[in-house]
Amino acid sequence: MNCWFLAAGALLLAAFFVHVFSGNRFYSVARPDAATARPGAYEAWLMGRCGVQMISVDLFLVAVFLLLLGTGVLPRNSALELLLLLVFGGWSVFWLVSLLCEKAGGRYYLRLCHWALFFALFLLLLAGIC
């Protein structure tokens, strides 16, 4: 039993539910009217909307895999563990870099604190691997 992976899986499962319900409501507010929006605005929003749903699937699947690895149902797999570690480390860094490049104010670093979740998952995975 790997409690670090179980904690990461549980955290991701909670993030999945928050993402599906709260994230959906948050993103829906930005929906432009397809008939009156500037050309390409609705398509750009729709592409982002599809991306949001794809991320929901990613969060769910990784949660399931971490819970299965943590309970020992799946055997330890160093390649999979390294991949997940790098994904969450990369997501954390790129989220912060994106906020920096967009010159987001300090309140957005706290309001859009996905980077903190990704960094916490990175640390939990690192602890579970070591």
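Going by the structure above, here's the rest.
None of the values given here were measured: they were computed from a predicted structure.

Two residues of an α-helix separated by three or four positions point the same way, owing to the 3.6 residues in each turn. With 16 residues, helix α5 (residues 114-129) extends 23 Å from end C-alpha to end C-alpha; this agrees with the ideal 22 Å at 1.5 Å per step. Listed in full, the buried residues belonging to α5 are F118, L121, L124, L125 and G128. Taken down its axis, α5 places every buried residue within 125° of arc, on the same side. Considering only its buried residues, α5 is in contact with α1 (3-28), α2 (41-71) and α3 (78-101).

Our next topic: the packing of α3 against α5. The geometry of α3 relative to α5 is characterised by a closest axis approach of 8 Å and an angle of 155° between their N-to-C directions. In terms of axis orientation, α3 runs roughly antiparallel to α5. When the axes of α3 and α5 are compared, the crossing they make is left-handed. Packed against α3, whose contacting residues are E81, L82, L84, L85, F88, G89, W91, S92, W95, L96 and L99, the element α5 presents H114, W115, F118, F119, L121, F122, L125, L126 and I129 at the interface. Looking at the contact of α3 with α5 residue by residue, the class counts come to 16 nonpolar, three polar and one charged.

Scoring rules and cut-offs
Residues numbered from 1 in each chain as written. Predicted model: local features only at pLDDT ≥ 70, side-chain atom pairs only at ≥ 80, totals over all residues. Heavy atoms only, no water. Helix = DSSP H or I, 4+ residues; strand = E, 2+ residues; numbered from the N terminus. Expected span 1.5 Å × (residues − 1). Buried < 20%, exposed > 50% of the residue type's maximum accessible area, 1.4 Å probe, protein only. Arc of directions from axis to C-beta. Contact = heavy atoms within 4.5 Å. Axes fitted to C-alpha atoms, helices over the stretch in contact; angles between N-to-C directions. Parallel < 35°, antiparallel > 145°, perpendicular 65-115°, else oblique. Left-handed = near helix turned anticlockwise from the far one by under 90°. Nonpolar A, V, L, I, M, F, W, Y, C, P; charged D, E, K, R; others polar.

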